[in-house]
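# Analysis of the macromolecular model
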Amino acid sequence: MSGKNISGKELSALEKSKIAEKVKRLNSEGIYPKLSVIIVGENPASQSYVRGKHKDCAECGIISENIALPESVSQDELLSEIDRLNGDETVDGILVQLPLPRHIDEYSVINRISPEKDVDGFTAVNVGSLYLGKDCFTPCTPQGCIDLLDFAGVEIRGKKAVVIGRSNIVGKPVAQLLLQRNATVTVCHSKTKNLAEITKKADIIIVAIGKLGFLTGDMISDGAVIVDVGINRGRDGKLHGDADYETCIEKVSKITPVPGGVGLMTRVNLLKNTVKSAENRAKNA
Ligand code: GUN
């Protein structure tokens, strides 16, 4: 790793080689880790994410299957498919790609996934375990933020961490993970008043608000560390984060770039969770 950028590319390559080794070991014991991905409809962004997941699995020797259901699928049909996968002993991980069409209740669908196969860490059981500090599948993006901080040697304990964004997928769980690591955590969101006053005092800022260039250099202190979760398409056609890289890079001690930062770690952690589930299967065999 060089300069101020925390390289998700470097860390994900390291992690992927470790995962591939683990998969080989499991294979030698007759366990073949497998991820089943359900995608509903033809959202191009979702299709592209799902293709990436299958490619990652193939690179690490994880079996993956794609279950593409039409936009018109009923909730009951989708739930039956999940029941079938829950009962299939060869399946270690089940992922239902979000968002789902409006006629389907996302909460019911996600919570139909057996918590033992919930490699996204989205079920109420896994979320509850995370909050109680119990062993669970940690959600992939929040865990990726922590992994990148650790990789860069950033101490979390005792630091002032500010999370911008309070989504169930990123903001809330990453705040929990930071708390578990003994940071003092403030969660900010769209209704927060005087946001810059708060961010200026932060040692670590996790920005996950989904607005291109939202966090600017004048909102941070010298030496701050930024973890940028945003993935926004700019007018230049390129991907940009929620932090305004040009103004923030002058002041930060470390920053995760977009692309090449958190996104890659989200993908790695899905693989890690799938292998963890397969290891649990091996233990219980
Ligand atoms: N859609 C966008 N990101 C994700 C993710 O991490 N998991 C699932 N299941 N759907 C998503």
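Here goes a summary of the coordinates provided. None of the values given here were measured: they were computed from a predicted structure.

### What to know about the pattern of salt bridges
For the structure on display, the rule yields 14 salt bridges. Put simply, Glu15 and Lys18 hold a salt bridge, and the shortest N to O gap is 3.8 Å. Linking Glu15 with Lys18, this pair stays in helix α1 (residues 8–28), spanning 3 residues, or about one helical turn. On the basis of relative accessibility, which here comes to 13%, the residue Glu15 falls in the buried class. For Glu21, the salt bridge identified is with Lys24, shortest N-O distance 3.8 Å. Taken together, the positions of Glu21 and Lys24, both in helix α1 and 3 residues apart, correspond to about one turn of that helix. According to the relative accessible area criterion, Lys24 is exposed, its value standing at 55%. The network of salt bridges with shared partners includes Lys16, Lys55, Asp56, Glu59 and Arg267.

### A few points about the sheet that holds strand β3 (residues 93–96)
The strands making up a sheet associate through hydrogen bonds between their backbones, and the pairing can be parallel or antiparallel. Across the sheet, which stays open at both edges, the 3 strands sit in the order β2-β1-β3 with parallel pairing between neighbours. Strands at the two margins of the open sheet, each flanked by one partner only, are β2 (63–69) and β3. The mean inter-strand angle of the sheet, taken between neighbouring strand axes irrespective of direction, is 15°. Sheet analysis places strand β1 (residues 34–40) next to β2, joined by 7 bridges and oriented parallel. Opposite Val37, over in β2, you have Asn66 as the bridge partner. Against the sheet, helix α3 (residues 75–87) touches β1, β2 and β3, its axis set at about 180° to β1.

### Observations regarding the nonpolar core
Within the largest apolar cluster, 46 residues are counted, with the highest numbers of intra-cluster contacts made by Ile19, Ile62, Leu149, Leu178, Ile204 and Ile206. Broken down by element, the residue count for this core peaks at 7 residues, all from helix α10 (residues 262–284). In contact with Ile204, not counting residues within four places along its chain, are Leu149, Val154, Glu155, Ile156, Lys159, Lys160, Ala161, Val162 and Val225. Listed in part, the 18 residues of the second largest apolar core include Ile67, Val73, Val91 and Ile104.

What counts and what doesn't
Here the residue numbers are simple positions, counted from 1 along each chain's written sequence. Per-residue local features are limited, in this predicted model, to residues with pLDDT of at least 70; the limit for side-chain atom pairs, both in listing and counting, is 80 or more; totals at the level of whole chains, interfaces and linings are taken over all residues. Hydrogens are left out, water is left out, and the side-chain values use all remaining heavy atoms of the structure. Salt-bridge detection follows one rule: a side-chain nitrogen of Lys or Arg within 4 Å of a carboxyl oxygen of Asp or Glu. Secondary structure elements are defined from DSSP: runs of H or I of at least 4 residues count as helices, runs of E of at least 2 residues count as strands, and each element is numbered from the N terminus. Partly exposed describes any residue whose relative accessible area lies between the buried limit of under 20% and the exposed limit of over 50%, with all areas from a 1.4 Å probe on protein chains only and scaled to the type maximum. In this description, strands pair whenever DSSP reports at least two bridges between them. Helix axes use the C-alpha atoms of the stretch in contact, all axes being lines fitted to C-alpha atoms, and the angles between their N-to-C directions lie in the range 0 to 180 degrees. It only takes one pair of heavy atoms within 4.5 Å for two residues to be counted as in contact. Nonpolar cores are built from buried Ala, Val, Leu, Ile, Met, Phe, Trp, Tyr and Cys residues. Side-chain atoms within 4.5 Å join them into one set.

These results come straight from atomic positions and should not be treated as a statement about function.
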